[in-house]
Amino acid sequence: MDYRLTDAYERRLRPLYDALDAGNWKAGNKAASNALAKYPGDQTVRLLQAILFQRSGKKAEALQVCTAVAEEVPTDERVLSTLAHLCRRLRKMYIIREVLEKATAADPRSVELLRGLFGAYARENKFAQQQQVASKLQRLSGPEEPYIWWIVCSLILQARAAVQGAASPMSPAQLLKLADGMIVKQKQRSDASWTYEETMLYVGVLQAQGKHQQALEHVQGCGGSALVIAAERGALEGRLMVAAGRLEAAAAHYKSLITKHADDWELLLSFLDVSLRPGQCINSSEPVLFGLKQAASQTADLKDPEDTSSFHQAAGQISKLQKAPENAAATTQRSLSLAAVELELRRSSCHESSSSASGTSTTGNIAAASCPGLSAALLQHFKQFGHLSSCATDLKCYVLGMPTSDRAKLCEEMRLALSAVPTFHEQDTAKSLNCLRKHLCFHQIQQWLGLPLFKSVQQAEEYASSLVHLYAVSQPLVADLEAKERGHADELLVLAASGLITAGKELESSGASLSKRLIQALLIVEAGQQKRHVSAPLRLAACFLSSLLAAPALATAQAGALDIKHIMHDTISGHVLLPGLVGSGSEDEAASLLDDMLRVYSDHERDAGDTLMMAYESGSWTKVVEFVAFGEQLSRSHTKALAQTELCLLDLTLHASKGPDKLASAKSEEMAVPGELPASMEFHEDLSVRPSWMPPSAAPAPMRLLEWWENSTSRPEPDLPWWIAAKSSSSSAGSSWREVSSSSLQARRTLASQLTALRTQLGNNSSQFATKQGELWRSESMEADPFAASTYTAASQKFTLLLTQCLQHTQELVSEQSSSSVDGQADGIEHSRAFAQSLHGLASTFLGLCEQVCHLLSNSKPEGQDTLLLHSHGLLAAAALARQQAVWLALVLPLWSLEHDMVTPAQQSQDSMGQSGASIRQLCSASLQKVTNRVQELLNGSSNMQTTLLQEESEHIAALWTWERAFKPNKILSSLARDQETVAENIIASCKSSLGHLRCGAD
Amino acid sequence: MTSIRRFTCSDLFTFNAVNLDYFTETYNLPFYLQYLAKWPEYCLLASGPGPESMGYIFGKAEGEGEGWHGHVTAVTVAPQFRRQRLADKLMGILEDLTEKMHNGYFVDLFVRKSNNAAINMYKRLGYIVYRTVLGYYSGDEDAYDMRKAMPRDTRKRSVIPLKRPIRPEELEHD
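For every chain, the first residue of its written sequence is number 1, and the numbers climb from 1 along that sequence. Lettering of chains starts at A and numbering of ligands starts at 1, both following the order in which they are written. This being a predicted model, a pLDDT of at least 70 is required before a residue's local features are given, and a value of 80 or more before pairs of side-chain atoms are given or counted; all residues contribute to the totals for chains, interfaces and linings. Heavy atoms throughout the structure, all of them, feed into the side-chain values; hydrogens and water do not.

You'll find chain B entered in an unreviewed UniProt entry as N-acetyltransferase domain-containing protein, with Apatococcus lobatus given as the organism. Heading Sequence similarities (unreviewed entry) of the UniProt record for chain B holds this comment: "Belongs to the acetyltransferase family. ARD1 subfamily." UniProt positions are given in the numbering used here, feature names are shortened, and annotations may be inferred rather than shown by experiment.

Within the UniProt record for chain A, the comment given under Sequence similarities (unreviewed entry) is "Belongs to the MDM20/NAA25 family."

(A) Highlighting the side chain of aspartate 570 of chain A. Secondary structure elements follow DSSP: runs of H or I no shorter than four residues count as helices, runs of E no shorter than two count as strands, and numbering proceeds from the N terminus. Examined against the element boundaries, aspartate 570 of chain A turns out to sit in helix H28 (residues 567-576). Residue exposure (1.4 Å probe, protein chains only): buried if accessible area is under 20% of the type maximum, exposed if over 50%, otherwise partly exposed. Working convention for charge: Lys and Arg count positive, Asp and Glu count negative, and His plus the chain ends are omitted. Each salt bridge in this description consists of a side-chain nitrogen of Lys or Arg and a carboxyl oxygen of Asp or Glu lying within 4 Å of one another. Although aspartate 570 of chain A lies buried, it forms no salt bridge, and the closest oppositely charged side chain, lysine 640 of chain A, sits 9.3 Å away as judged by the N-O distance. The definition of a polar contact used here is a pair of N or O atoms within 3.5 Å, where within protein one atom must be able to donate a hydrogen and the other to accept one, and adjacent residues in sequence count solely through side-chain atom pairs. At a separation of 2.6 Å, a polar atom in the side chain of aspartate 570 of chain A contacts the side chain of histidine 684 of chain A. The contact criterion used throughout is that any non-hydrogen atoms of two residues lie within 4.5 Å. Leaving out residues up to four positions away in the same chain, aspartate 570 of chain A has contacts with Tyr601, Leu634, Ser637, Thr639, His684 and Glu685 of chain A together with Phe13 of chain B.

(B) Quick look at the interface of chain A and chain B. Taken together, the contact between chain A and chain B spans 58 residues of the former and 44 residues of the latter. Summed over both partners, the interface of chain A with chain B comes to about 4600 Å²; 63% of that surface belongs to carbon and sulfur atoms. Put simply, chain A and chain B have four salt bridges between them. Between glutamate 197 of chain A and arginine 6 of chain B there is a salt bridge, and its shortest N-O distance comes to 3.5 Å. Counting across the chain A and chain B interface gives 20 residue pairs in polar contact (both at pLDDT 80 or more). Throughout, buried area stands for the accessible area (probe radius 1.4 Å) lost by two parts on being put together, summed over both.

(C) Geometry of the pattern of salt bridges. Residue and element names in this part refer to chain A. In total, this model carries 51 salt bridges over all chains according to the counting rule given. Close ionic contact of lysine 211 with aspartate 180 constitutes a salt bridge, the shortest N to O distance being 3.1 Å. With a gap of 31 residues between them, lysine 211 in the loop between helix H11 (196-208) and helix H12 (212-220) and aspartate 180 in helix H10 (residues 172-189) connect regions that are remote in the sequence. The closest approach of N and O atoms between glutamate 508 and arginine 517, which form a salt bridge, is 3.0 Å. In this structure, glutamate 508 and arginine 517 share a single accessibility class: buried.

(D) Spotlight on the packing of helix H24 (residues 490-507) of chain A against helix H26 (residues 536-548) of chain A. Residues and elements named next belong to chain A. Across the interface, H24 lies against H26 with an axial gap of 8 Å and an inter-helix angle of 25°. It follows that H24 is roughly parallel to H26 by the angle criterion. Residues Asp490, Glu491, Leu493, Val494 and Ile501 of H24 touch H26, and the partners they reach there are Pro537, Leu538, Ala541 and Leu545. Angular values range over 0 to 180 degrees, each being the angle between N-to-C directions of two axes fitted as lines to C-alpha atoms, with helices fitted over their stretch in contact. Oblique is the label for every angle not falling under 35 degrees (roughly parallel), over 145 degrees (roughly antiparallel), or within 65 to 115 degrees (roughly perpendicular).

(E) The arrangement of unusual backbone geometry in detail. Cis peptide bonds are those with omega within 30 degrees of zero, and the linkage from leucine 451 of chain A to proline 452 of chain A qualifies with -5°. Examined against the element boundaries, proline 452 of chain A turns out to sit in the loop between helix H22 (429-448) and helix H23 (457-474). Following glycine 50 of chain B, the chain continues to proline 51 of chain B via a peptide bond in cis, the omega torsion being -5°. Take proline 51 of chain B: it is sitting in the loop between strand E2 (44-48) and strand E3 (52-62). The backbone of valine 73 of chain A sits at a positive phi, close to 45°, despite the residue not being glycine. Examined against the element boundaries, valine 73 of chain A turns out to sit in the loop between helix H4 (59-71) and helix H5 (77-90). Under the relative-accessibility criterion, valine 73 of chain A is labelled partly exposed at 25%.

(F) View of H24 of chain A. Every helix has an expected span of 1.5 Å times one less than the residues it contains. Taking 1.5 Å per residue, 18 residues should reach 26 Å; H24 of chain A reaches 26 Å between its end C-alpha atoms and fits that length. Burial analysis of H24 of chain A places 14 of its 18 residues in the buried class, the great majority of the element.

(G) Local environment of the sheet that holds strand E7 (residues 143-149) of chain B. All names here are of chain B. If DSSP finds at least two bridges between two strands, the strands pair. Pairing is mixed across the open sheet formed by seven strands, whose spatial order is E1-E2-E3-E4-E5-E7-E6. The outermost strands of the open sheet, each flanked by one partner alone, are strand E1 (3-6) and strand E6 (128-133). On average, each strand axis in the sheet is tilted by 25° relative to the strand beside it, whichever way the strands run. The pairing of E1 with E2 spans four bridges and is classified as antiparallel. The residue bridging isoleucine 4 from the neighbouring strand is alanine 46, located in E2. Packing against the sheet, helix H2 (residues 29-38) makes contact with E3 and strand E4 (69-77), and its axis sits at approximately 65° to E3.

(H) Quick look at H11 of chain A. Residue and element names in this part refer to chain A. Under the 1.5 Å per step criterion, the end-to-end length of H11 is 18 Å for 13 residues, consistent within 8% with the ideal 18 Å. Of all 13 residues making up H11, 12 are buried, and the element is well covered by its neighbours. Inspection of H11 places Tyr196, Glu197, Glu198, Thr199, Met200, Leu201, Tyr202, Val203, Gly204, Val205, Leu206 and Ala208 among the buried residues, and these make up the whole buried set. After H11 finishes, the residue glycine 210 shows a positive phi value of roughly 80°.

(I) Structural detail: the pairing of strand E5 (residues 106-112) of chain B. Residue and element names in this part refer to chain B. Of all seven residues making up E5, six are buried, and the element is well covered by its neighbours. Bridging between E4 and E5 involves four bridges; their strand directions are parallel. If you follow histidine 69 over to E5, its bridge partner there is phenylalanine 106. Looking down the strands as they point away from you, a crossover is right-handed if its path from the first strand over the helix to the second goes clockwise. For the crossover from E4 across helix H3 (residues 86-100) to E5, the handedness is right-handed. One ladder, built from seven bridges, connects E5 with E7; its direction is antiparallel. Its bridge partner being in E7, leucine 109 is matched across the sheet by methionine 146.

Listed below in structure tokens is the structure:
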């Protein structure tokens, strides 16, 4: 009898499993040794011990055991599953795949081994190989088993890969034809009715081949019964009719559908699509392979914009539905009213498209010409449904599509409509709530329209006070809500804050004044959080405000309260929290966030195979394709690439700040090295979580907050906050943001990879160091120049430009030095001169940078208020300087120590600048010292500053937060000040370290 | 004003308006993908103009014999779309699927004992408190196991309340 089937064996293994569960490595190792003494060489025990090794950090030992057991080609199910578990932990799934390949070669009739091998191929996206294994399984198991569908999925996945450019012996068309034939044959063999998954997969295969009519017939026939939600089936039929070119039938079909489902928004949109823009519908007739377009589409044949009959008919249909008694329900009426708004937007974009031929609905693109119809429909909807909490969200995309000329008029008409609505009903809570919501909706829409326009900050303060007052009055209405629920009027405080910030940004040139507005705004939203602890609008606003005020710990706490985790890191963390951390030099917090962000992707790479196999085993065929596509989406994520790049640069900076030698001697495993950027990145960023005063930035992450401070919007025509619309990605502003973000990240990535390559090849000898530097700079393609100012400083000014110029000079320096080393003495004088020039360039930019930082830190110094709190812009600039200079100094210092040998006194005298390297170094030291002193000075004066600030503010606009008795503004100001002090201390420490390197070099 | 369709992986990128809410848990990716792989019919998203994610429901079918039932794992609506009976609609579809597709005996769910708003909503939809699960939620909060019988349970045996509270380890399913 096999000893592994005995109780004695199980008894030996039990303590090992228990130790693993308890995380007790010592006990586990002892149990493993005991078991191996009894059962020498037992594979399960060795693998369990290897898992202990892996979990206790001994990765090399674990891998050694893993490889050794794999070479024995185990076939026992328990051993294989333990080995698979270990491989997954070690992220070496190819090992288990290789074992299974050998095992199935030895035992080709084992269904279990073949299923394991199929899973191993599926995990690695080896679609052709998995298809071959599925075919073997099908031959072994017969047609009753689901393996035929595994083959079909494998064929579809191969076709997808081929469409995306993967090499394939068969064309996508051949692969799809094969899949099509297999599905038909399989269903002919079986009496079973079509399942939902089978129907949808078959429809997908038919559509991918352009067989839309056949797909329609299938859904209308035997396949349709699997779609149990009537509206879902109807919608699919409608889409297939459109795809098949049967537009009249589709129009009639949708007309009938919306009669039954008048509150289904997608059906209403489809009805308008097919009724108003049949030309665009023709586009959908092209073959689409599960989301991938295969061929160029037909040219859209837009309806004649002068033909108003189709609009008239569609409007008539909607009006008829509005009057129908069966549609009297409020939700249905709301739906139909909004359909009328949608219709007007399309009417206006149709007129636009007559000149541009690009009219797309609800994308946030602003029409140029006046659209009275759209204004009237919006106003009507507001009057009728403004009391619903969703009204502003419902209207958002339409408001953002309003032409400039109509905005003020619409706003005024809404205000008039609101004038009869009181803000509060003493006796009737429900009525009060409706009134409150209507006021909130108006103010929200007003701000999205870029209004009101303030002529003075005082006006903005009065506006903010009025909103805060409305909020305070509404408090009895939220008395019954739990503290963790969102309040009915929380957004009012965000809007009040927004008014102050907008006015401050446009009307106040001094950074100190704008800091004061931000502090006011922060106090407003913090006051709101006294009772509403986790209201997302308040927390998000406070997070951005804290980041702008150079208070990264406060920002992190705000985001932390929202429990942003897992997939939300991909959509939120990278653009909401990360810039505040890397921009203020909070290295540890930034590294921790970046680790969390990157874990989302690495964990998915590890676990995706399991859920993919669940989909195969559950017969969820459409999910198989969807999961593969999802994996691709995550792997191409812009946030992922951003996090990898910033983590690498953070590592480099941390090592560089300790000096060039430390940078050179850092072990490779201590630093993450980013690979190539994906050819096309996917932007999953949810920009709608950003406030209307915080546009998304495309600058490098550490400079994004600086960019906000340096850029100001231009009036009189304000930019509408395009980013808050759910469909913002399809707007032209969204495309432009993605394009610049890609260039910016490409530049950062190139910088990271160049610095990494440079670091790994550094020698201790400074001349070798310099030569290697130059070789590497020169070996990189200039097309991917990380210092090209045009790439990521397009939208930035002053400070960010200076930072970039410093990097450019660094590059010039090492290039000059390199060519000097390579070319020898013949051109020595020329190179020395060029080198000296570059050195002066760097020095002069560096001095300018330090001056700029000092200026920002000293700017507008009101009496008694010379505090850190009012110098957030300067603090962020100093943090960026402190962070970046570490890299420059690490790169350039060895060159400076060579400089004495290269630039002879005679040459120096010929040089127009006439300064030696030593004197330049002294100048740089002095400038850096000045920055350090200034930060220190502000730090010393930070005590009691919040009281002074608050006293002045309290007299000025006390109403902004005194409504909340429990709120202690001084407490917030103290936290803010403490946070800023930490940032300041870090800046001073970093500058002092750099000063040490500079002086050390001078010696 | 709503369109309800099957939840897809891509919806994870756009569900923040719903999930940025204290009462809505954001799970790790294997959690969502497991539900999508095994019970795709029970994972539904409600979307509105924009398109904005308004809310979603995740559920599963489980149990044996007369214990075969539909389970509501998560049902949530974004704060601005609440009080519009959207959760009713999502629950209605899940019940419909339990009855017509899976032929289950009942639908059940767990809810915090302190969440009166949700408990009242479920009661309005015909659910009863079947039993109390002690310390079910982290922080030791008790849960109510609420149930609604489906037509297959003709004698309504699944909804005879248990008097004795149970511990989480006594639950039949995870």
